[in-house]
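One-letter residues, chain by chain:
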Amino acid sequence: SQQGEEDPQALSIQEGENATMNCSYKTSINNLQWYRQNSGRGLVHLILIRSNEREKHSGRLRVTLDTSKKSSSLLITASRAADTASYFCATDAKETSGSRLTFGEGTQLTVNP
Amino acid sequence: DVKVTQSSRYLVKRTGEKVFLECVQDMDHENMFWYRQDPGLGLRLIYFSYDVKMKEKGDIPEGYSVSREKKERFSLILESASTNQTSMYLCASSLGWLAGTYEQYFGPGTRLTVT
């Protein structure tokens, strides 16, 4: 079953605006990761946040994690047309082994120039 | 940089054929994974492997098998392809949990069509 659920399913914004995507999950986790997928390609890892962290930054990316609400958000600031892609959250659940991840269904982000 | 390669970008097979999808990684990763990706369903784990000759079922193993004879290579086998196995197949690899890093590195994907 899919643990991560992204919200919204699709987001369309103008270049320069900020984009926020949310992810909810169901079980206790070791860490939560965000990935990006350009159309028809493989996924690329963006950022990882551990269960004992609340916020993490990487360039124009900001990720927050609220383990009490079992939710995370990914903020992309000053978006560019090149940020157009699908974004997935993935959870490394405590109950599973071997570094397997459970992916959500993704948010399709379109940044209009 | 880690490189994960998949044998084909596009593949068309007929119903009932045996299909092999190959994945190779060049960074000595312990873990390897096979996913399928379908619209509205995200990525679903088919099988994964912790080590050579080791395999574990994921969430949707039915109709698939895997082989890992060498550390760098992980094969997905469709014993008798069916139209409902038309999908994008993604391979990924990662270091083992002892390394303390957990991100997965993905190949470019194989778009399989079964007619």
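Everything discussed here concerns the structure shown above.
These figures come from a predicted structure and were not determined experimentally.

Draft legend 1. Up close: the overall build of chain B. A count of helices and strands for chain B gives 0 helices and 11 strands. For chain B, the succession of helices and strands along the chain, N to C, is β-β-β-β-β-β-β-β-β-β-β. For 115 residues, the compact-globule estimate of 2.2 N^0.38 gives 13 Å, and the C-alpha radius of gyration of chain B, at 13 Å, lies within 12% of that figure. Counting over 115 residues, chain B shows a buried share of 48%. Residue pairs in contact within chain B that sit at least 24 positions apart in sequence constitute 56% of those at least 6 positions apart. Carbon together with sulfur atoms contributes 52% to the accessible area of chain B, which is approximately 5600 Å² in total. Each charge sign in chain B was given a centre, from 15 positive and 15 negative side chains, and these centres are 7 Å apart.

Draft legend 2. Representation of the sheet that holds strand β7 (residues 61-66) of chain A in the model. All names here are of chain A. Pairing is antiparallel in the open sheet, where 5 strands are placed in the order β1-β3-β8-β7-β6. Every interior strand has two partners, whereas the edge strands, β1 (5-7) and β6 (55-58), have only one. In this sheet, neighbouring strand axes are inclined to one another by 20 degrees on average, regardless of whether the strands run parallel or antiparallel. Two strands pair when backbone bridges link them, and β1 and strand β3 (residues 19-24) are joined in this way by 3 bridges, in the antiparallel orientation. Across the sheet, the residue bridging to D7 is N22, located in β3.

Draft legend 3. Structural context of the state of the cysteines. Residues and elements named next belong to chain B. Counted by the stated rule, this structure contains 2 disulfides over all chains. Each sulfur in the disulfide pair C23 and C91 lies 1.8 Å from the other. Disulfide C23-C91: torsion about the S-S bond near -80 degrees, hence left-handed. Of this pair, C23 sits in strand β3 (residues 19-25) while C91 sits in strand β9 (residues 87-94), and the two are 68 residues apart along the sequence.

Draft legend 4. Up close: the environment of G40(A). Tracing the backbone shows G40(A) in the loop between β4 (29-37) and β5 (43-50). On the basis of relative accessible area, G40(A) is assigned to the partly exposed category, the value being 28%. Considered as a pair, G40(A) and A78(A) are 38 residues apart in the sequence and their alpha carbons are 25 Å apart. For G40(A), the contacting residues outside a window of four places in its chain are R9(B), M88(B) and P108(B).

Draft legend 5. How the structure looks around the sheet that holds strand β7 (residues 64-70) of chain B. All names here are of chain B. Taken in spatial order, the 4 strands make up an open sheet running β1-β3-β8-β7, and their pairing is antiparallel. Across the chains shown, the open sheet's two edge strands, defined by having one partner strand only, are β1 (4-6) and β7. Across the sheet, the axes of successive neighbouring strands diverge by a mean angle of 20 degrees, strand direction being ignored. Sheet analysis places β1 next to β3, joined by 3 bridges and oriented antiparallel. Opposite Q6, over in β3, you have C23 as the bridge partner.

About the cut-offs
- Residues numbered from 1 in each chain as written.
- Chains lettered and ligands numbered in written order.
- Predicted model: local features only at pLDDT ≥ 70, side-chain atom pairs only at ≥ 80, totals over all residues.
- Heavy atoms only, no water.
- Helix = DSSP H or I, 4+ residues; strand = E, 2+ residues; numbered from the N terminus.
- Rg over C-alpha atoms; globule rule 2.2 N^0.38 Å.
- Buried < 20%, exposed > 50% of the residue type's maximum accessible area, 1.4 Å probe, protein only.
- Contact = heavy atoms within 4.5 Å.
- Areas by Shrake-Rupley, 256 points an atom, 1.4 Å probe, with all protein chains shown as cover.
- Lys, Arg positive; Asp, Glu negative; His and termini not counted.
- Charge placed at Lys NZ, Arg CZ, Asp CG, Glu CD.
- Pairing = 2+ DSSP bridges.
- Axes fitted to C-alpha atoms, helices over the stretch in contact; angles between N-to-C directions.
- Disulfide = S-S within 2.5 Å.

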